[in-house]
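If you want the building blocks of each chain, they are given just below.
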Amino acid sequence: MQSAVHALEEKIRSRQAKVGVVGLGYVGLPLAVEFAKAGFGVTGIDLSDSKTARVNAGESYVGDVPSSELARLVESGKLSATTDFSVVRDLETVNICVPTPLRKTKDPDMSYIVSACGEIAKYLHAGMLIILESTTYPGTTDELVLPTLEQGGLKVGRDFFLCFSPERVDPGNPKYNTSNIPKVVGGVTAACTEMGRQFYSQALENVVAVSSTRVAEMVKLLENTFRMINIGLANEMAMMCDRIGIDVWEVIEAAATKPFGFMPFYPGPGLGGHCIPIDPFYLSWKTKQAGIEARFIELAGYINGQMPHFVVDKIQNALNDHGKPVKGSHIHILGVAYKKNIDDVRESPALDIMVLLKHRGARITYSDPYVASLDLEGERLDGEDVGMVAQADCTAIVTDHSVFNFPKIAEQAKLVLDTRNALKGIDSAKIVRL
Ligand code: SAJ
């Protein structure tokens, strides 16, 4: 065992270890770049020919990775990409950064992890470090990844090393990036943890070693479940304040003056993205198997899921107050991405709101500078100019992109529902707030 440990430790220390990253998305590509920048030779592995071709051409498709930096690393020979898993036989380390979506039944879809591990197992050899980074339920690394990798006879902690390290990438965050976000890592054995700690320490600023893969898996789920539940609380506060006639935005702003023991979250049109609405259900799925209901998660999921309906009811009531039915009215949606200043529409509540309004007979248009077109129940919808607000019977601010000129929108719109407090400080009878 000592020889395998020492050999790998030396290769990591000297940066001679050949690094592999499976999955070249918004997590994997920045990670590959960080290790190439640290002086390691890095091979990205992805099923997508176009992704690997663009990496090898030095063309970044991830906002946090400048093409200039990617091209420099590719040209220097430090970074390349392939669709061929057989390169694993020549690698010392492999990070797995593949998607972990939920199925429609809210069960985890582990197919990407199973597929990647099956490929890696074919070429696994003594002296390797394998690290799973995909967000998943506690136990995945020990119960699913480990048996797959040991099927060839190699023994974890002796012949190879296996860890879990949660990805904490926040796309577009100007302050926190892959290099400076503290990196939690936990191994199947103490030797695995230590190997993972040494590995990340060679490229990232702050490494936090924990005692096991399960602790590391649970850390990420706690982080995002905390967020989902508190957003749910903010949304429930909004519905309660609406009912008793209190401005929830003023309440939260004043509560946020408390310098300790409080953290502001804000109501909104619903919960979008591929992390916050998804990750907590990995936890509740696992705990349900262990016979315990994750009631907070289920309740928050319900409340957050109610927000698109709450928004549509607010629009209906606002139109009604102006003597107009939803049916036949022109409703313009401002912002369809799941949060501001990005182009991602995955799980975006805007899509739910648009479908609900369409089913009530409204004519729907939208503007979003980051989203040129979208598919609404199989129908392609192209984005319109923001000036459309002047024609619509009602405008709904669903995503408060910074590029929107909100004072001008408030002036031009006939009626506007503001789900993000984007019109804060602008008073007008035609503005309705959550
Ligand atoms: N949202 C609210 N109210 C809030 C905060 C968010 O309604 O107070 C909504 C957003 O509009 C969006 C959804 O919740 O629809 C999720 O927003 P988010 O700010 O949590 O952004 P995400 O989904 O990009 O979450 C990621 C997460 N990062 C990782 O999982 C590595 C999360 O842990 C980060 O805290 C978050 O980014 C962040 O802070 O930007």
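Keep in mind that what you see is a predicted model, and the values were worked out from it rather than measured.

Moving on to the overall build of the protein chain. Each helix and strand in the protein chain was counted, giving 13 helices and 15 strands. Over its C-alpha atoms the protein chain spans a radius of gyration of 24 Å, differing by no more than 12% from the 22 Å that the globule rule assigns to 434 residues. For the protein chain, with 434 residues in total, the buried portion stands at 52%. Accessible surface computed for the protein chain: about 19300 Å², of which carbon and sulfur atoms make up 53%. The averaged location of the 52 negative side-chain charges in the protein chain is 1 Å from the averaged location of its 44 positive side-chain charges.

A word on helix 5 (residues 111-123). For helix 5, built from 13 residues, the straight-helix expectation of 18 Å at 1.5 Å per residue is met to within 8% by its first-to-last C-alpha distance of 19 Å. Buried within helix 5 are the following residues: Ile113, Ala116, Cys117, Ile120, Ala121 and Tyr123. Each buried residue of helix 5 lies within a common arc of 160° when the element is viewed along its axis, so the set occupies one face.

Another point: the domain arrangement of the protein chain. What the domain assignment reports for the protein chain is domain 1 (2-215) and domain 2 (226-433). Relative placement of domain 1 and domain 2: their C-alpha centres are 36 Å apart. The interface is formed by 15 residues belonging to domain 1 together with 10 residues belonging to domain 2. Summing both sides of the interface, domain 1 and domain 2 together bury roughly 1100 Å²; the carbon and sulfur share of this comes to 65%. Of all residues in domain 1, Leu102, Lys106 and Tyr137 give up the largest surface area on contact with domain 2, accounting jointly for 36% of the area buried on that side. For the pair domain 1 and domain 2, the number of links is 2 salt bridges. A salt bridge links aspartate 170 to lysine 339; its shortest N-O distance comes to 3.5 Å. Where domain 1 touches domain 2, the interface holds 6 residue pairs in polar contact (both at pLDDT 80 or more). Partitioned by chemical class, the residues of the side of domain 1 that touches domain 2 number 7 nonpolar, 3 polar and 5 charged.

What follows concerns empty space enclosed by the protein. Scanning the entire structure with this criterion turns up 1 cavity of 30 Å³ or more. Estimated volume of the largest cavity: approximately 100 Å³. Along the walls of the largest cavity sit Val27, Leu31, Glu133, Pro166, Glu167, Arg168, Val169, Thr178, Ile181, Pro182 and Lys183, which together make up its complete lining. Among the residues making up the lining of the largest cavity, the classes are represented as 6 nonpolar, 1 polar and 4 charged.

Comment: phi is negative for the bulk of residues other than glycine, and the bulk of peptide bonds are trans. Of note, arginine 15 is a non-glycine position whose phi angle comes to about 65°, a positive value. Mapped onto the secondary structure, arginine 15 falls in the loop between helix 1 (2-13) and strand 1 (18-22). Owing to a relative accessible area of 30%, arginine 15 belongs among the partly exposed residues under this scheme. One non-glycine residue, glutamate 377, lies in the positive phi region at around 55°.

Before going further, it helps to spend a moment on the packing of helix 2 (residues 28-37) against helix 4 (residues 67-75). Axis separation between helix 2 and helix 4 bottoms out at 11 Å; the angle between their running directions is 55°. Here helix 2 is positioned oblique relative to helix 4, judged by the angle of their axes. Helix 2 and helix 4 meet at a crossing whose hand is left-handed. Along the contact surface, helix 2 presents Leu29, Val33, Ala36 and Lys37, while helix 4 presents Glu69, Leu70, Arg72 and Leu73. Taken together, the residues of the contact of helix 2 with helix 4 sort by class into 5 nonpolar, no polar and 3 charged.

Right, let's get into the sheet that holds strand 1. Pairing is mixed across the open sheet formed by 8 strands, whose spatial order is 3-2-1-4-5-6-7-8. Of all strands in the sheet, those bounded by a partner on one side alone are strand 3 (79-82) and strand 8 (207-210). When strand polarity is set aside, the average angle formed by the axes of neighbouring strands in this sheet is 25°. Note that strand 1 and strand 2 (residues 41-45) share 5 bridges and pair parallel. Counted as the bridge partner of valine 19 is valine 42 from strand 2. Taken strand by strand, helix 7 (residues 190-201) contacts strand 1, strand 4 (93-96), strand 5 (128-132), strand 6 (160-164), strand 7 (183-187) and strand 8, and its axis lies near 155° from that of strand 7.

Let us now look at the environment of aspartate 107. Relative to the assigned elements, aspartate 107 resides in the loop between strand 4 and helix 5. We classify aspartate 107 as partly exposed; its relative accessible area is 30%. Put simply, aspartate 107 and serine 284 are 177 residues apart on the chain and 9.6 Å apart in space, counted from C-alpha to C-alpha. A polar atom in the side chain of aspartate 107 sits 3.1 Å from the side chain of threonine 105.

Next up on the list: the packing of aromatic side chains. Going through the model one piece at a time under the given rule, you end up with 9 aromatic pairs. The interplanar angle of 65° and the centroid separation of 5.5 Å between the aromatic rings of phenylalanine 35 and phenylalanine 40 together place this pair among those described as edge-to-face. Where phenylalanine 226 meets phenylalanine 265, the ring centres are 5.7 Å apart and the plane angle is 75°; that geometry is what we call edge-to-face. Here phenylalanine 265 lies in the loop between helix 9 (248-255) and helix 10 (279-289) and phenylalanine 226 lies in helix 8 (residues 213-244), a separation of 39 residues in the sequence. Its guanidinium or amino end placed over the ring of phenylalanine 281, lysine 106 lies 4.4 Å from that ring's centre, counting from NZ or CZ.

Reading the values: the criteria
- Numbers given to residues run from 1 along each chain, matching the order in which its sequence is written.
- The model is predicted, so local features are restricted to residues of pLDDT at least 70 and side-chain atom pairs to those at 80 or more, both for listing and for counting; the totals for chains, interfaces and linings are taken over all residues.
- Only heavy atoms go into the side-chain values, all of them from the structure, while hydrogens and water stay out.
- The way it works is that DSSP assigns letters per residue, a run of H or I at least four long becomes a helix, a run of E at least two long becomes a strand, and they are numbered from the N terminus.
- We compute the radius of gyration from the C-alpha atoms alone; for a globule the expected value is 2.2 Å times N to the 0.38, where N is the number of residues.
- Accessibility here uses a 1.4 Å probe with only protein chains present; expressed as a share of the type maximum, an area under 20% marks a residue as buried, one over 50% as exposed, and anything in between as partly exposed.
- Only the protein chains shown count as cover for residues, and all accessible areas are computed by the Shrake-Rupley method using a 1.4 Å probe.
- When charges are tallied, Lys and Arg are placed among the positive residues and Asp and Glu among the negative ones, while His and the ends of the chain are skipped.
- Taken as the charge location is NZ of Lys, CZ of Arg, CG of Asp or CD of Glu.
- What a helix is expected to span follows from its residue count: subtract one and scale by 1.5 Å.
- What the arc describes is the spread of directions from the helix axis to the C-beta atoms.
- Segmentation of the chain into domains, including their bounds, is taken from an automatic or database domain assignment.
- Only heavy atoms enter the contact rule, under which two residues are in contact if any of them lie within 4.5 Å.
- Take the accessible area each of two parts loses on contact, using a 1.4 Å probe, and add the two losses: that sum is the buried area.
- For this analysis, a salt bridge means a side-chain nitrogen from Lys or Arg found within 4 Å of a carboxyl oxygen belonging to Asp or Glu.
- As used in this structure description, the phrase polar contact means that two N or O atoms lie within 3.5 Å; if the pair is within protein, one of them must be able to donate a hydrogen and the other to accept it, and residues adjacent in sequence are counted only when both atoms belong to side chains.
- Side-chain classes follow a simple rule in which Ala, Val, Leu, Ile, Met, Phe, Trp, Tyr, Cys and Pro form the nonpolar group, Asp, Glu, Lys and Arg form the charged group, and the remainder, Gly included, forms the polar group.
- Only protein atoms enter the calculation, which uses a 1 Å grid: trapped sets of points that fit a 1.4 Å probe without letting it out are cavities, open sets showing protein on both sides within 12 Å along at least five of seven lines are pockets, and any residue with an atom within 4 Å of a point is a lining residue.
- Grid points are joined across faces, edges and corners, and a volume is the space filled by probe spheres set on the points.
- Lines are fitted to the C-alpha atoms to define the axes, a helix being fitted only along its stretch in contact, and any angle between axes, read from their N-to-C directions, falls within 0 to 180 degrees.
- Angles below 35 degrees are treated as roughly parallel, those above 145 as roughly antiparallel, those between 65 and 115 as roughly perpendicular, and all remaining angles as oblique.
- Helix crossings are classified by the rotation of the near helix relative to the far one: an anticlockwise turn of less than a right angle makes the crossing left-handed, while a clockwise turn makes it right-handed.
- In this analysis, strands are considered paired if DSSP registers two or more bridges between them.
- Here the aromatic set is Phe, Tyr and Trp, taking the six-membered ring for Trp, and pairing holds for ring centres within 6.5 Å; pairs whose planes are under 30 degrees apart are stacked, those over 60 apart are edge-to-face, and all others are tilted.
- Ring-over charges, as used throughout, are those where CZ of Arg or NZ of Lys falls within 6 Å of the ring centre and within 35 degrees of the ring normal.

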